[in-house]
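Working through the structure, step by step
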Amino acid sequence: SAAIIATDVHKWYGNHFHVLRGVSLSVKQGEVVVIMGPSGSGKSTFIRTFNALEEFQQGSIIIDGINLSHDLKNIEEIRREVGMVFQQFNLFPHLTILQNVTLAPIWVRRWPKAKAEEVALQLLERVGILEQAKKFPGQLSGGQQQRVAIARALAMQPKIMLFDEPTSALDPEMVREVLDVMRTLASEGMTMVCVTHEVGFAREVADRVVLMSDGVLVEEGTPEVFFSNP
Ligand code: ADP
Ligand code: ADP
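An account of the accompanying structure is given in this report. (Residues numbered from 1 in each chain as written. Chains lettered and ligands numbered in written order. Predicted model: local features only at pLDDT ≥ 70, side-chain atom pairs only at ≥ 80, totals over all residues. Heavy atoms only, no water.)

**Brief notes about the environment of Glu198**
With respect to the element layout, Glu198 can be found in the loop between strand E8 (191-195) and helix H7 (199-205). Placed 30 residues apart in sequence, Glu198 and Ser168 show a C-alpha to C-alpha distance of 9.0 Å. Not counting chain neighbours up to four residues away, the residues in contact with Glu198 comprise Met36, Thr167, Val175 and Leu179. (Helix = DSSP H or I, 4+ residues; strand = E, 2+ residues; numbered from the N terminus. Contact = heavy atoms within 4.5 Å.)

**Topic: the environment of Leu53**
Here Leu53 lies in the loop between helix H1 (43-49) and strand E4 (58-63). When near neighbours in sequence (up to four residues on either side) are disregarded, Leu53 contacts Arg48, Arg79, Met84 and Phe86.

**Brief notes about the pattern of salt bridges**
Taken as a whole and judged by the stated rule, the model has 11 salt bridges. A salt bridge links Glu54 to Lys11, with the nearest nitrogen and oxygen atoms 3.5 Å apart. Of this pair, Glu54 sits in the loop between H1 and E4 while Lys11 sits in strand E1 (residues 2-13), placing them 43 residues apart in sequence. We classify Glu54 as buried; its relative accessible area is 12%. Across the salt bridge formed by Arg48 and Glu54, the nearest N and O atoms sit 3.1 Å from each other. (Salt bridge = Lys/Arg side-chain N within 4 Å of Asp/Glu carboxyl O. Buried < 20%, exposed > 50% of the residue type's maximum accessible area, 1.4 Å probe, protein only.)

**Quick word on the site of ligand 1**
If you check the shell around ligand 1, you find Tyr13, Phe17, Val19, Pro38, Ser39, Gly40, Ser41, Gly42, Lys43, Ser44 and Thr45 and nothing else. In the environment of ligand 1, an oxygen atom lies 3.1 Å from a nitrogen or oxygen atom belonging to the backbone of Ser41. Here an oxygen atom of ligand 1 sits 2.8 Å away from a polar atom, N or O, in the main chain of Ser44. Elements with a contribution of two residues or more to the shell around ligand 1: strand E2 (17-28) and H1. Of the residues assigned to the shell around ligand 1, the class counts are 4 nonpolar, 6 polar and 1 charged. (Near = heavy atom within 4 Å. Polar contact = N/O pair within 3.5 Å; in protein donor to acceptor, adjacent residues only side chain to side chain. Nonpolar A, V, L, I, M, F, W, Y, C, P; charged D, E, K, R; others polar.)

**Here's the deal with the packing of helix H3 (residues 97-107) against helix H4 (residues 113-126)**
Running from N to C, H3 and H4 cross one another at 125 degrees; their axes reach a closest spacing of 9 Å. By the angle between their axes, H3 is oblique relative to H4. Between H3 and H4 the crossing geometry is right-handed. Residue-level inspection shows Ile97, Leu98, Val101, Thr102, Pro105 and Ile106 of H3 in contact with H4, the latter providing Lys113, Ala116, Glu117, Ala120, Leu121 and Leu124. Looking at the contact of H3 with H4 residue by residue, the classes come out as 9 nonpolar, 1 polar and 2 charged. (Axes fitted to C-alpha atoms, helices over the stretch in contact; angles between N-to-C directions. Parallel < 35°, antiparallel > 145°, perpendicular 65-115°, else oblique. Left-handed = near helix turned anticlockwise from the far one by under 90°.)

**Regarding the sheet that holds strand E6 (residues 82-85)**
Pairing is mixed across the open sheet formed by 6 strands, whose spatial order is E6-E7-E8-E3-E9-E10. Looking at strand neighbours, the two that pair on one side only are E6 and strand E10 (216-221), the edges of this open sheet. Averaged over all adjacent pairs, the angle separating strand axes in this sheet is 20 degrees, with direction ignored. By the bridge criterion, 5 bridges tie strand E7 (residues 160-164) to E8 in an arrangement that is parallel. Following the sheet pairing, Asp164 is matched in E8 by Val195. Where helix H6 (residues 172-187) meets the sheet, it contacts strand E3 (32-36), E7 and E8, and its direction lies at approximately 145 degrees from that of E8. (Pairing = 2+ DSSP bridges.)

Next comes the structure, spelled out in structure tokens:
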């Protein structure tokens, strides 16, 4: 069944800049879709509509059966379903790693602190950051911070994970450790939409690759088909 059904989505920035020009994409449960395309083509804007970080003016988006209306009425419900990881890790610098991961479960999901910490520590172990739980983000490498950001998103137990160029701000030697976490998530059946330029990841992990250009999806296929240029 479909986790995401985006149909003919249009968005303008201001009155004039038509950034999304009728984009349609369906993502099945458990599917991993990679969105590629030139900088400025609207990839980030498009996936940000999936969790209501961006409004859109025409078309429809249904996330796990919830209609994301244009007036963003369902925003809280949607954000619980959809986790997001950004290029810049967006951790709270004055909170420890553990506090970063437990913040939303405690304040949004109203979990008791002990339960939130138990879950957070399991997640930090999964992403290989358990030893750093009491440190602050500034004491971690970029690759470690991004793994914390993934753990933080997973702590809300989302059904869908969005990744917006998660490795673009990282030194090359740290890219692999983040991609490995994403690969594991994919193999566990997480529904994922990833904007990334990592061709290796797209080839090996994506079920489908779509190419965006100038606010429309211009091509799509399995990695085998997509990367087999004549
Ligand atoms: P991509 O992710 O493919 O690089 P983006 O979705 O970030 O593309 O941006 C698409 C276009 O929209 C770019 O030309 C960008 O400058 C523009 N844009 C992004 N955010 C805004 C904004 N808040 N206001 C106006 N224009 C924006
Ligand atoms: P990315 O392409 O990684 O999504 P950008 O560097 O394009 O990020 O944009 C960074 C921030 O600036 C985003 O919040 C985006 O919405 C905003 N932005 C980008 N382009 C414009 C623009 N032309 N006018 C206003 N805000 C913009």
